[in-house]
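Chain residues, written in single-letter form:
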Amino acid sequence: MIVMKFGGSSLADAACMREVADLVRKALSRSPLVVCSASGKSTNALFSMAKKSEAGQNVEALEELRALIDKHHSIALDLFPAGMPDYLEMAISQLSSELEMMLRGVSLLKELSPRSMDTIASVGERLSTRILAAYMGMEWFDARTVMRTDATYGCGKPQISEMKALVLEKLAPKITDGKAVVTQGYIGATEDGCTTTLGRGGSDYSASLFGSALGAEDIQIWTDVEGVLTCDPRIVPDAQPIAELSFNEAAELAAFGAKVLHPATIQPAVEAGIPVTVRHTRIPNGRFSTITDEVKTGRPVTALATRGPVTVLTVSSTRMLNQSGFLSKLFDAFTRYDISVDLIATAEVSVSMTVEPQASIDAVVKDLSEFATVSVATDRAIVAIVGERLKYTPGMAGPLLSALSGINIEMISMGANEINMSLVVKQEEAPRALQQLHGALMTGGYL
Ligand code: ADP
Ligand code: ASP
Ligand code: MG
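Conventions and cut-offs
- Residues numbered from 1 in each chain as written.
- Chains lettered and ligands numbered in written order.
- Predicted model: local features only at pLDDT ≥ 70, side-chain atom pairs only at ≥ 80, totals over all residues.
- Heavy atoms only, no water.
- Helix = DSSP H or I, 4+ residues; strand = E, 2+ residues; numbered from the N terminus.
- Rg over C-alpha atoms; globule rule 2.2 N^0.38 Å.
- Buried < 20%, exposed > 50% of the residue type's maximum accessible area, 1.4 Å probe, protein only.
- Areas by Shrake-Rupley, 256 points an atom, 1.4 Å probe, with all protein chains shown as cover.
- Near = heavy atom within 4 Å.
- Polar contact = N/O pair within 3.5 Å; in protein donor to acceptor, adjacent residues only side chain to side chain.
- Nonpolar A, V, L, I, M, F, W, Y, C, P; charged D, E, K, R; others polar.
- Pairing = 2+ DSSP bridges.
- Axes fitted to C-alpha atoms, helices over the stretch in contact; angles between N-to-C directions.
- 1 Å grid on protein atoms, 1.4 Å probe; cavity = no way out; pocket = protein on both sides within 12 Å on 5 of 7 lines; lining within 4 Å.
- Points joined across faces, edges and corners; volume = space filled by probe spheres on them.
- Patch = residues over 30% accessible without salt bridge, like charges linked within 9 Å, V, L, I, M, F, W, Y side chains within 5 Å.
- Salt bridge = Lys/Arg side-chain N within 4 Å of Asp/Glu carboxyl O.
- Lys, Arg positive; Asp, Glu negative; His and termini not counted.
- Charge placed at Lys NZ, Arg CZ, Asp CG, Glu CD.
- Arc of directions from axis to C-beta.
- Contact = heavy atoms within 4.5 Å.
- Parallel < 35°, antiparallel > 145°, perpendicular 65-115°, else oblique.
- Left-handed = near helix turned anticlockwise from the far one by under 90°.
- Core = buried A, V, L, I, M, F, W, Y, C linked by side-chain atoms within 4.5 Å.

**Considering the overall build of the protein chain**
Then comes step 1: A tally of helices and strands in the protein chain yields 13 helices and 16 strands.
Then comes step 2: Taking 447 residues into account, the globule formula puts the C-alpha radius of gyration at 22 Å, and the protein chain, at 24 Å, falls close to it.
Then comes step 3: The buried share among the 447 residues of the protein chain stands at 53%.
Then comes step 4: Carbon and sulfur atoms form 51% of the exposed surface of the protein chain, whose accessible area is close to 19,200 Å².

Following this line, the structure appears as structure tokens:
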């Protein structure tokens, strides 16, 4: 069997849904599990209406609800010109009433807990899959019956062994020759049956978890680009598709901002040794990327990515000199406030670190100031240069640094796995840094 995951842009309207149905029909002999995101930007709309309800703007929230339901209605009517089946009409109207009740509850209480937000957000995937399954005449499966997570609402952590057992018990028997099963990405449930989500963009992760639990031959991520590209195409329009990349490269790129894959997607696939392919729904016979565990020969740099804003903390103390235990004291402070550190660069008397911008930084800075001098630089961005062959290519620093002329590099860090060299620049300079790097590395034959 295979897993076919379709992102929001692949399900944005009736024409897209027809294309998806076509692709799935062509793959029926491989018994696909079809994992869907919410249609278009529905998840953003659900977040927006929930926040409006919390702010007491109930009228506006209900207007947005109406627009969302109307959009789904018109997709369904377009797919069923002679009228949609009663069961689909009923499913859509039930989801609409459920959503309305939740929004009214949020606005009455003026309280939007992460738990309520997850149930509200789940409506997007539940709507899109209802319509696609009905249109294809295929079985609809509620992912929440098997995607067991912990109760970290907003970012549920899959409970892998329970999830696998549930998938094998409840979902695997439905995967049969010549049929497709349609289910939701992104959503799961706790042991108590409360709806959770895996975090924004989490449908890729769902696809990979389902694929590994079911021992899929291939996990296909269908999206709106021809695979993983050498850079974010919104920043570098002439970025090129990468035919083959390693799991490590894909994981680094995802973690450092390449939105095409959710950062956690790769892990379950790696463990199960299942290749992941990334393909364009509208250009199914075009180019695509295959991600496998083999280290490929090729150019030194595979792709560039950027993530920001990040905050850089530089901690200096002359007491660092010849003193053991300094770093442990330093990291204790981060542990106390549950702040995770991304990049680190050390010098004789200072350590620089990047962290996500967050409220608890002030508290950490206060604690660190008791034994060191701390400076904080906000609105920075990480520029990541990723490639398995970076470590085998001497003299890469020259071309990289000369490509960045005119841009102030504030920090440089080579990942311990030696496949990611990361730079920190002011966030406003990150697009230019990527464009200059991409251009120069392409011209020089390094990318
Ligand atoms: P989906 O809705 O299918 O999940 P996403 O919007 O989450 O799609 O991811 C695809 C988008 O990721 C692309 O349209 C592109 O703008 C962006 N992107 C960022 N970096 C890259 C990259 N290196 N390669 C391909 N796409 C990228
Ligand atoms: N619909 C969810 C989101 O927009 C999950 C996904 O698309 O992967 O974040
Ligand atoms: Mg996505």
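After that view of the structure, there is still more to cover.
**Examining the site of ligand 2**
Then comes step 1: Close to ligand 2 lie Ser37, Ala38, Thr43, Glu125, Tyr186, Arg200, Gly201, Gly202 and Ser203.
Then comes step 2: A distance of 2.7 Å separates a nitrogen atom of ligand 2 from a polar side-chain atom of threonine 43.
Then comes step 3: Contact distances for ligand 2 include 2.6 Å between a nitrogen atom and a side-chain N or O atom of glutamate 125.
Then comes step 4: Along the lines of polarity and charge, the residues of the shell around ligand 2 split into two nonpolar, five polar and two charged.

**Observations regarding the sheet that holds strand 11 (residues 303–316)**
Then comes step 1: Here six strands make up an open sheet; going across it, the order is 12-13-11-14-16-15 and the pairing antiparallel. Of all strands in the sheet, those bounded by a partner on one side alone are strand 12 (341–346) and strand 15 (411–414). For this sheet, the mean angle separating the axes of adjacent strands, direction not counted, is 30 degrees.
Then comes step 2: Alignment of strand 14 (residues 373–386) against strand 16 (residues 420–426), held across seven bridges, turns out to be antiparallel.

**Some remarks on the layout of surface pockets**
Then comes step 1: In this model, the second largest pocket occupies a volume close to 320 Å³.
Then comes step 2: As for the second largest pocket, its lining consists of 21 residues, of which Ile242, Glu244, Gly298, Arg299 and Thr302 are closest to the centre.
Then comes step 3: Of the residues assigned to the lining of the second largest pocket, the class counts are seven nonpolar, seven polar and seven charged.

**Brief notes about a positive patch on the surface**
Then comes step 1: Together, Lys41, Lys51, Arg200 and Lys259 give the surface a local cluster of positive charge.
Then comes step 2: Here lysine 51 is to be found in helix 2 (residues 42–54).

**Considerations on the site of ligand 1**
Then comes step 1: Taken together, 17 residues form the shell around ligand 1, and within it Lys5, Thr223, Asp224, Leu229 and Lys259 come nearest.
Then comes step 2: Between ligand 1 and arginine 234 there is a distance of 3.2 Å, counted from an oxygen atom to a side-chain nitrogen or oxygen.
Then comes step 3: Here an oxygen atom of ligand 1 sits 3.5 Å away from a polar atom, N or O, in the main chain of valine 260.
Then comes step 4: Relative to its unbound accessible surface of 570 Å², ligand 1 loses 88% to contact with the protein.
Then comes step 5: Of the residues in the shell around ligand 1, the class split is seven nonpolar, five polar and five charged.

**Things to note about helix 10 (residues 326–336)**
Then comes step 1: Listed as buried for helix 10 are Phe326, Leu330, Ala333 and Phe334. One face of helix 10 carries all of its buried residues, which in axial projection span an arc of 100 degrees. With respect to the buried face of helix 10, the exposed residues turned more than 90 degrees away are Thr335 and Arg336.
Then comes step 2: Where helix 10 is buried, its residues contact strand 11, strand 12, strand 13 (350–355) and helix 11 (361–368).
Then comes step 3: Aspartate 338 sits one or two positions beyond helix 10 and adopts a positive phi of about 55 degrees.

**Some points on unusual backbone geometry**
Then comes step 1: Geometrically, the link from glycine 308 to proline 309 is a cis peptide bond, its omega value of 0 degrees lying close to zero.
Then comes step 2: Turning to its location among the elements, proline 309 is positioned in strand 11.
Then comes step 3: A positive phi angle, near 50 degrees, is found at lysine 110, a position not held by glycine.
Then comes step 4: In this fold, lysine 110 is placed in the loop between helix 4 (86–109) and helix 5 (114–136).
Then comes step 5: You will see that tyrosine 186, though not glycine, has its phi angle at about 75 degrees, which is positive.
Then comes step 6: Take tyrosine 186: it is sitting in the loop between strand 4 (181–184) and strand 5 (187–189).
Then comes step 7: Residue classification places tyrosine 186 among the buried residues on the basis of a relative accessible area of 4%.

**Some remarks on the packing of helix 6 (residues 160–171) against helix 7 (residues 203–214)**
Then comes step 1: It is at 9 Å that the axes of helix 6 and helix 7 come closest, and there the two elements cross at 70 degrees. Taken together, the axis directions place helix 6 and helix 7 in an arrangement best described as roughly perpendicular. For the pair helix 6 and helix 7, the sense of crossing is right-handed. Of the residues in helix 7, those touching helix 6 at Ile160, Met163, Lys164, Val167, Leu168 and Leu171 are Leu209, Phe210, Ser212, Ala213 and Leu214.

**Considering the nonpolar core**
Then comes step 1: One finds Leu33, Leu99, Ile120 and Ile291 to be the most contacted residues of the largest nonpolar core, which totals 102 residues.
Then comes step 2: It is helix 5 that provides the largest number of residues to this core, a total of 10 residues.
Then comes step 3: Apart from the residues within four sequence positions on either side, isoleucine 291 is in contact with Val228, Leu245, Ser246, Phe247, Ala250, Leu261, Ile266, Pro275, Val276 and Val278.
Then comes step 4: Formed by 26 residues, the second largest nonpolar core is a distinct cluster that contains Val225, Leu400, Ala403 and Ala433.

**Re the sheet that holds strand 10 (residues 289–292)**
Then comes step 1: Read across the open sheet, the eight strands follow the order 3-4-2-1-7-9-10-8; overall the sheet is mixed. On the outer flanks of this sheet lie strand 3 (139–141) and strand 8 (244–246), each paired with one strand and no other. Within this sheet the neighbouring strands show an average axis-to-axis angle of 25 degrees, counted without direction.
Then comes step 2: The pairing of strand 1 (residues 2–6) with strand 7 (residues 218–223) spans five bridges and is classified as parallel. Bridging from a neighbouring strand, lysine 5 pairs with isoleucine 221 of strand 7.

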